Every structure is written in structure tokens, then in C-alpha cells.
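These are the residues of each chain, in order.
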Amino acid sequence: MSENVESSIKEMIVERLFLDVAPDDIGDEDHLMEKYDIDSVRLFEIVIGIEEVFGVVIDEADFDVEVFKDVKSIAEYVRTKQAR
Amino acid sequence: MEPVTITSSSGELFGMYHPADRDDLVVVMCPPFAEEKKTSYRTFHEQAAALAAAGVPSLRFDYSGTGDSQGDFRESTIGRWLEDVAAASDFARSKAKAEKICLLGLRLGSSIAACCPSDRLVLWQPLMEPATYLRANVKKQAMRQKMIGGGSGPAAGEIDGYVVTDALAESISMMRVELVHSDCLLVQVSYTEKVLAEYAPYREREGIELRAVRMEPFWSRLGRVDAGPLIRLTAEWIAGGGATAGR
């Protein structure tokens, strides 16, 4: 897994959602749900992936779907969580 | 295939029997729960067809209080579903005039199967800690509600529209899955072929063959997922004699 947070997120998403794209082809600001047809079930797999890859806990009370709109905002969220 | 009625302590269970030539072994399939059961329906059907083609009869059925079986779901507990599996096993053994039972389960159905007596056992992505499954579902439901917006959200203890009573939740939480079996195929179905931590203890356990299949989790996909590799692996293992073959 890449040391860069954005790259790690992209690799995780491609691997776990079986996307037929290369991780680097995902733009940092690509709208994940619209561009990659990510529904609530797949979004939950991303949540689990973030928790496992980065060792953070995402509580349901803390969950904001806007955070998961693109890789850039997920990365910011992860960095904030890790800094706490 | 033939629709059948199985008598269990909780009432009549609906089942579908897939006949085949062999009379030494019959497979009883233990489905997962709620939405996962619906989305895996096709895969179980295809598995039954593959087994029949390999000469092995099988039985699919609904737990009491679910699907087309009798019973009030609000009275469901793991204990009751274990009794259902026992009744289904007795029925299948009699129907196929078979000596041995092979239980095949997915997710929570795997955990249930692992807690039942069987001659052979096939577990697809079993929940080794079912209590975690409950917590994950609560989280998933809350997140889904936030994602789709509106409404007051799912009721506490609700999974995919099923109201999980305290008794059912407690019985799931109390489950302890520790695999001890002399003839078991444990299949990890996930995004990676690397063995996940929860299954790592079974890498070299006597009587347990651990295999990892990289494929999408068909139990959580609304669209069609090709489960061919998993179905072929399972049919070959069951028809070929399993972990005891060649001993």
C-alpha cells in the first residue's frame, strides 16, 4: 500500500470495489458516487476499508456522506482523524 | 427440483430439494440472513444445480419465520434456527436415503452450520464473531440512512427491514464459532487472496481446508456477480471427497 494517503485510498477503493480502472486514473476530486456508481453498500465497504487501512474508527454518528464524495476529502478526513 | 415441506419444532419449513444419483451424501444449505439471503439466492440455486450435475443431491430451505416457512419472525432465535437445520438434515437424509450430511452455509448461515452436527461442512465467509456482524449492521443502516437522507431512520435493532428482537440479538451475540471438524472446507470470499486475520488460525488446522477466492461479495450486491469459481470449487470438493479424500 502506498505511503501517500490519496494513493492508498485509491488503491483500496479499486481493490475492494473491483473497479475496472487503475488507481491513478481516479482523480482526487472525481465524484466517487456519480463516476463509479457507488451505492450505500459499496460506500460502507469504503468506510470499512478506511478503518482497516488507516486504523481509524468512523462512528455512525460521526459519518457524513459529503466526506466520502471524493478522494481529496476522504484524505483530509483521514489526516484529521490520525492527528487526534 | 421439487418443493418440499419439512416439519420442525417451530412449524413447517419450506424447502427445495434437488435430486441426484448419489445416495451416500446429501447437502443441506444454510442461508444467510435478511438482505444477504435475498442477494445470495441465485448463487445457492446455481450451487444446487452444480451439485446435481456432479451427482450430489441437495436441499435449500428457509429458516422458520423467514421466506416461505411458517413461524413468526419475532420469535426467531439462533437456537430455533439450529433446530431447523437439524430438522432439515433429518429430512434430507431420509429423502435422499443418504448416510451422510454435508452442511453448506454462507455468512451467518455458515456460523449456524458450524454449530450443528454434520459429517462434512462447507463454510463460505463465515462470521467468526457474529456479535461484530450485528454492530456492523447497525452502523451500515445508520450510514445508509444518512446517505439517502430523509425519514426518521431505521428502528433500533432493525436489519434490512427485519426487526431483530432482543432475544435474537442476544442469541447471535452469544454465538461462539470455533471450528473443530474432521472434514471441512472453509472458503474466504473477499477482495484479496491473502488470508484474512479471522481465518488465519485455520490455515493448517487438521481436517480443515482453507481456500481463498477473490470475488465480489455476492451477498451484498444487487446486480449479478459471477460466482462460478466458488461454485465449481465447492462442487468439486464435495463430489470429490473433501478433506478426507486420499487419506
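So, here is what we can say about the structure in this document.

What counts as what
- Position numbers for residues start from 1 in each chain and track the written sequence from start to end.
- Written order determines the labels here, with chains lettered from A and ligands numbered from 1.
- Thresholds applied to this predicted model are a pLDDT of at least 70 for local features of residues and 80 or more for the giving and counting of side-chain atom pairs; totals over whole chains, interfaces and linings are not thresholded and use all residues.
- Values shown for side chains rest on all heavy atoms present in the structure; no hydrogens or waters enter the calculation.
- Note on conventions: DSSP H or I runs of at least 4 residues are helices, E runs of at least 2 residues are strands, and numbering of each starts at the N terminus.
- Note on method: radius of gyration uses C-alpha positions; expected globular size equals 2.2 Å times residues raised to 0.38.
- When DSSP locates at least two bridges between a pair of strands, those strands are taken to pair.
- Lines fitted to the C-alpha atoms define the axes, with helices restricted to the stretch that makes contact. Angles between their N-to-C directions range from 0 to 180 degrees.
- If an angle is under 35 degrees, it is roughly parallel; if it is over 145, roughly antiparallel; if it lies from 65 to 115, roughly perpendicular; otherwise it is oblique.
- A clockwise turn of the near helix away from the far one marks a right-handed crossing, whereas an anticlockwise turn of less than a right angle marks a left-handed crossing.
- Contacts are residue-level and defined by heavy atoms, with any inter-residue pair within 4.5 Å sufficient.

### A look at the overall build of chain A
Right, so step 1: A tally of regular secondary structure across chain A gives 4 helices and 0 strands.
Right, so step 2: In chain A, the succession of helices and strands from N to C terminus is α-α-α-α.
Right, so step 3: Relative to its length of 84 residues, chain A is compact, with a C-alpha radius of gyration of 12 Å against a globular reference of 12 Å.
Right, so step 4: The C-alpha extent of chain A, read off along each of the three principal axes, is 35 × 25 × 20 Å.

### Observations regarding the sheet that holds strand β1 (residues 2-8) of chain B
Residues and elements named next belong to chain B.
Right, so step 1: The strand order across the open sheet formed by 8 strands is β1-β2-β4-β3-β5-β6-β9-β10, and the pairing between neighbours is mixed. Either end of the sheet is taken by a strand with one partner, and the two such strands are β1 and β10 (208-214). This sheet shows a mean twist of 20° between the axes of neighbouring strands, independent of strand direction.
Right, so step 2: Taken together, the 6 bridges between strand β3 (residues 25-30) and strand β5 (residues 100-106) define a ladder with parallel strand orientation. Looking at the pairing, V28 lines up with L103 of β5.

### Considerations on the packing of helix α3 (residues 40-54) of chain A against helix α4 (residues 130-148) of chain B
Right, so step 1: Contact pair α3(A) / α4(B): the axes reach a minimum separation of 10 Å and the direction vectors enclose 120°. Considered as vectors, α3(A) and α4(B) are oriented oblique to each other. Of the two possible hands of crossing, α3(A) and α4(B) adopt the one that is right-handed. Counted together, S40(A), V41(A), L43(A), F44(A), V47(A) and E51(A) of α3(A) and A136(B), K139(B), K140(B), M143(B), R144(B) and M147(B) of α4(B) form the full contact between these two elements.

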